[in-house]
Structure formats: structure tokens, C-alpha cells
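The residues making up each chain are set out below.
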Amino acid sequence: MTKTGYAVAVMMAAGLAGCAGSEDTTADKGQSIYESFCVSCHGPSGQGDGPIADQLPSAPVDLSMLSASNDGVFPAERVMTQVYGYPGRYHQGMMPEFGPVLSGPMVEWTSPQGETVLTPQPLLDLVTYLETLQE
């Protein structure tokens, strides 16, 4: 590589690094939530191989296969329902109650059926990140 080419590459890398660090994206915020509350069961890549997975009575879901098991479409609404839950539903599965943990500003989310639903922003952040884990 020439000195000029090297200098251009360094400047481009520095510019990209500056852009990347300037503001957290929704997926970045979701990754932080995932790492805090989900990794211990579902593992770093969402494959159900977290450090405590083998201590649970049933294996955690492989979150990286959600789209594959739904005809190639990420089931965002179903994931939000499972993660956030409904009162009285928490005891039915292994998932703890995350509703209070994911409280935050409410934003409008449009369901696949076109309905507008007020949804906590941290829940949308988490679901956006989970979509990035899909194989």
C-alpha cells in the first residue's frame, strides 16, 4: 500500500470510529439490556448456551433461530409478548417477569397487522437487538 493509500485508510477508519461512538443505536441499547438480563440463560449469541443454562429445568430457547422457525420472518410481536408478558402469565414458563425491568418511555410501535401499540422503548431496543442475532 502506498503512503497516500495508507493515510487515506487511516483517516477513513478514524472517521468511522468517530461516527460509531457518537450515539448509541437502538440495537446497541438492546445489546446492553441483553447482556445484563439474558446472557446468563441464552448465551452471548442467543443459542441457549448461557453459563447457567444447564442448571435450568428446561433448556433456554435458541433465540438465533426465531426467524428460521417462523418462515424467515422475525416474530417481533411474539417475542415482545414473551419477554414483557402479561400479568398472571409469568409463572407459566421459565422466563422471569421483565416488565418492570423494561419500563421506560412509551413509544408507538406498529404491529404487522397495522395496529399502533404504545410500547416501552427498552423493550423495542431489546427486540431490535434480538433480530440481529438471527441466523
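Everything quoted here is computed from the prediction, not taken from an experiment.

So, how was this worked out
- Residues numbered from 1 in each chain as written.
- Predicted model: local features only at pLDDT ≥ 70, side-chain atom pairs only at ≥ 80, totals over all residues.
- Heavy atoms only, no water.
- Helix = DSSP H or I, 4+ residues; strand = E, 2+ residues; numbered from the N terminus.
- Buried < 20%, exposed > 50% of the residue type's maximum accessible area, 1.4 Å probe, protein only.
- Contact = heavy atoms within 4.5 Å.
- Areas by Shrake-Rupley, 256 points an atom, 1.4 Å probe, with all protein chains shown as cover.
- Polar contact = N/O pair within 3.5 Å; in protein donor to acceptor, adjacent residues only side chain to side chain.
- 1 Å grid on protein atoms, 1.4 Å probe; cavity = no way out; pocket = protein on both sides within 12 Å on 5 of 7 lines; lining within 4 Å.
- Points joined across faces, edges and corners; volume = space filled by probe spheres on them.
- Nonpolar A, V, L, I, M, F, W, Y, C, P; charged D, E, K, R; others polar.
- Pairing = 2+ DSSP bridges.

### A closer look at the overall build of the chain
Within the chain, the secondary structure is distributed over 5 helices and 2 strands. Along the chain, helices (α) and strands (β) appear in the sequence α-α-α-α-β-β-α when read from the amino end. Going through the 135 residues of the chain one by one, you find that 30% of them count as buried. Long-range pairs, those at least 24 residues apart, make up 43% of the contacts in the chain with a sequence separation of at least 6. As displayed, the chain has an accessible area near 8,600 Å², and 58% of this comes from carbon and sulfur atoms.

### Quick notes on the side chain of Thr-119
Residue placement: Thr-119 occurs in strand β2 (residues 116–120). Here Thr-119 falls in the buried class, since its relative accessible area comes to 5%. Only 3.1 Å separates the side chain of Thr-119 from the backbone oxygen of Val-117, close enough to count as a polar contact. In contact with Thr-119, other than residues within four places in its own chain, are Met-80, Pro-105, Met-106, Val-107, Trp-109 and Leu-124.

### Quick word on the layout of surface pockets
Estimates place the volume of the largest pocket at around 540 Å³. As for the largest pocket, its lining consists of 25 residues, and the residues nearest its centre are His-42, Val-61, Leu-63, Gln-82 and Met-95. Listed by contribution, the elements that provide at least two residues to the lining of the largest pocket are α2 (26–37), α3 (39–42), α4 (76–84) and α5 (121–132). Broken down by element, the lining of the largest pocket gets its largest block of residues, 5 residues, from α4. Grouping the amino acids of the lining of the largest pocket by side-chain chemistry returns 18 nonpolar, 5 polar and 2 charged.

### Thoughts on the pairing of strand β1 (residues 106–110)
If a strand is regular, its side chains alternate between the two faces of the sheet. As judged from the 5 bridges shared by β1 and β2, these two strands associate in the antiparallel manner. Along β2, the bridge assignment pairs Thr-110 with Thr-116. From the end of β1 to the start of β2, which pair antiparallel, there are 5 residues, and Gly-114 there has a positive phi angle of about 90°.

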